[in-house]
Amino acid sequence: MRTLCASTLIGEFFVVGFAALVAMKDPDLATSTVWTVSGIAMFLCLALCGMVTRPGGVALGWAFQIALIASGFVVPTMFFMGAIFAALWWASVHYGRKIDEAKARFAAQSAQSADAGRADSPTPDAV
């Protein structure tokens, strides 16, 4: 799950940066404000990459997705981009958990077959 979610967040990092460039063209917004807010959002993208597997990490990711959609009030294209990334976030969490469960089952089966193989083989003392 971590890899898929981190990939989504890295994509969002770049989208937030490009949205900041678009927002700078708005004469009502100060450049320093745009880059402060965008810089914080970009930092959160990177920080969330490391927090995804910790308790509350996925919930913080959802909060970030809502904020990304809400940024559409400043840059209207972000309504669309935010919705796309929210869908990607859902897919990353949903399928990432399925992949993690499958990996755990495979590891358990491998360990079980390795234990069974050792039990069937003769010990050096028996030979």
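What you are looking at is a predicted structure, and each value in this text was computed from that prediction instead of being measured.

**A look at the confidence of the model for the protein**
1) Next: Averaged over every residue, the pLDDT of the protein is 90; the share at 70 or more is 92%.
2) Next: The secondary structure element of the protein with the lowest average pLDDT is helix 4 (residues 77-120), at 89, and the one with the highest is helix 3 (residues 57-70), at 95.

**Structural notes on the packing of aromatic side chains**
1) Next: Here the structure, examined in full by the defined rule, presents 3 aromatic pairs.
2) Next: Where Phe13 meets Phe14, the ring centres are 5.3 Å apart and the plane angle is 90°; that geometry is what we call edge-to-face.
3) Next: By relative accessible area, Phe14 is classed as partly exposed at 48%.
4) Next: Between Phe73 and Phe79, the aromatic rings sit 5.0 Å apart at their centres with planes inclined by 85°, giving edge-to-face as the arrangement.
5) Next: Take Phe73: its relative accessible area is 69%, and that puts it in the exposed class.
6) Next: Residue classification places Phe79 among the partly exposed positions, given a relative accessible area of 35%.

**Some thoughts on the side chain of Glu12**
1) Next: Assignment of secondary structure puts Glu12 in helix 1 (residues 2-23).
2) Next: Within the buried set, Glu12 has no salt-bridge partner at all; the shortest N-O distance to an opposite charge, 15 Å, is to Arg2.
3) Next: Residue contacts for Glu12: discarding those within four places in its chain leaves Cys45, Phe64, Gln65, Leu68 and Phe85.

**Considerations on a nonpolar patch on the surface**
1) Next: A cluster of nonpolar side chains, namely Ile10, Phe14, Phe18, Leu21, Met24, Trp35 and Leu46, defines an oily patch on the protein surface of about 640 Å² accessible area.
2) Next: When contributions to the nonpolar patch are tallied by element, the ones reaching two or more residues are helix 1 and helix 2 (31-51).
3) Next: Relative to the helices and strands, Ile10 is located in helix 1.
4) Next: Classification of Ile10 by relative accessible area gives partly exposed; the value is 33%.

**Some remarks on the layout of surface pockets**
1) Next: Estimates place the volume of the largest pocket at around 410 Å³.
2) Next: Looking at the largest pocket, it is lined by 20 residues, and the ones nearest its centre are Val16, Val37, Ser38, Ala41 and Ser71.
3) Next: If one sorts the elements of the lining of the largest pocket by residue count, helix 2 sits on top with 7 residues.
4) Next: Its residues placed into classes, the lining of the largest pocket shows 17 nonpolar, 3 polar and no charged.

**A look at the packing of helix 1 against helix 2**
1) Next: Their axes nearest at 8 Å, the elements helix 1 and helix 2 cross at an angle of 175°. With respect to helix 2, the element helix 1 is oriented roughly antiparallel. Where helix 1 approaches helix 2, its residues Arg2, Ala6, Leu9, Ile10, Glu12, Phe13, Val16, Gly17, Ala20, Leu21 and Ala23 are matched on the opposing element by Val34, Trp35, Ser38, Ala41, Met42, Cys45, Leu46, Leu48, Cys49 and Gly50.
2) Next: Split into classes, the residues belonging to the contact of helix 1 with helix 2 amount to 16 nonpolar, 3 polar and 2 charged.

**Side note on helix 3**
1) Next: In a regular helix each residue adds 1.5 Å, so 14 residues correspond to 20 Å; helix 3 covers 20 Å between its end C-alpha atoms and thus fits that length.
2) Next: Those residues of helix 3 not exposed but buried are Gly57, Val58, Gly61, Phe64, Gln65 and Leu68. An end-on view of helix 3 places all buried positions within 110° of arc, on one side of the element.

**As for helix 2**
1) Next: An ideal rise of 1.5 Å per residue puts 30 Å on 21 residues; helix 2 measures up with 30 Å between its terminal C-alpha atoms.
2) Next: Looking only at helix 2, the buried set comprises Val34, Ser38, Ala41, Met42, Cys45, Leu48 and Cys49. Around the axis of helix 2, the buried residues are gathered within 120° of arc, so they sit on the same side. Seen from the buried face of helix 2, the exposed residues on the opposite side, beyond 90 degrees, are Ser32 and Phe43.
3) Next: Those residues of helix 2 that are buried lie in contact with helix 1 and helix 3.

Procedures and definitions
- Residues numbered from 1 in each chain as written.
- Predicted model: local features only at pLDDT ≥ 70, side-chain atom pairs only at ≥ 80, totals over all residues.
- Heavy atoms only, no water.
- pLDDT = per-residue confidence, 0-100.
- Helix = DSSP H or I, 4+ residues; strand = E, 2+ residues; numbered from the N terminus.
- Phe/Tyr/Trp six-rings, centres within 6.5 Å; stacked < 30°, edge-to-face > 60°.
- Buried < 20%, exposed > 50% of the residue type's maximum accessible area, 1.4 Å probe, protein only.
- Lys, Arg positive; Asp, Glu negative; His and termini not counted.
- Salt bridge = Lys/Arg side-chain N within 4 Å of Asp/Glu carboxyl O.
- Contact = heavy atoms within 4.5 Å.
- Patch = residues over 30% accessible without salt bridge, like charges linked within 9 Å, V, L, I, M, F, W, Y side chains within 5 Å.
- Areas by Shrake-Rupley, 256 points an atom, 1.4 Å probe, with all protein chains shown as cover.
- 1 Å grid on protein atoms, 1.4 Å probe; cavity = no way out; pocket = protein on both sides within 12 Å on 5 of 7 lines; lining within 4 Å.
- Points joined across faces, edges and corners; volume = space filled by probe spheres on them.
- Nonpolar A, V, L, I, M, F, W, Y, C, P; charged D, E, K, R; others polar.
- Axes fitted to C-alpha atoms, helices over the stretch in contact; angles between N-to-C directions.
- Parallel < 35°, antiparallel > 145°, perpendicular 65-115°, else oblique.
- Expected span 1.5 Å × (residues − 1).
- Arc of directions from axis to C-beta.

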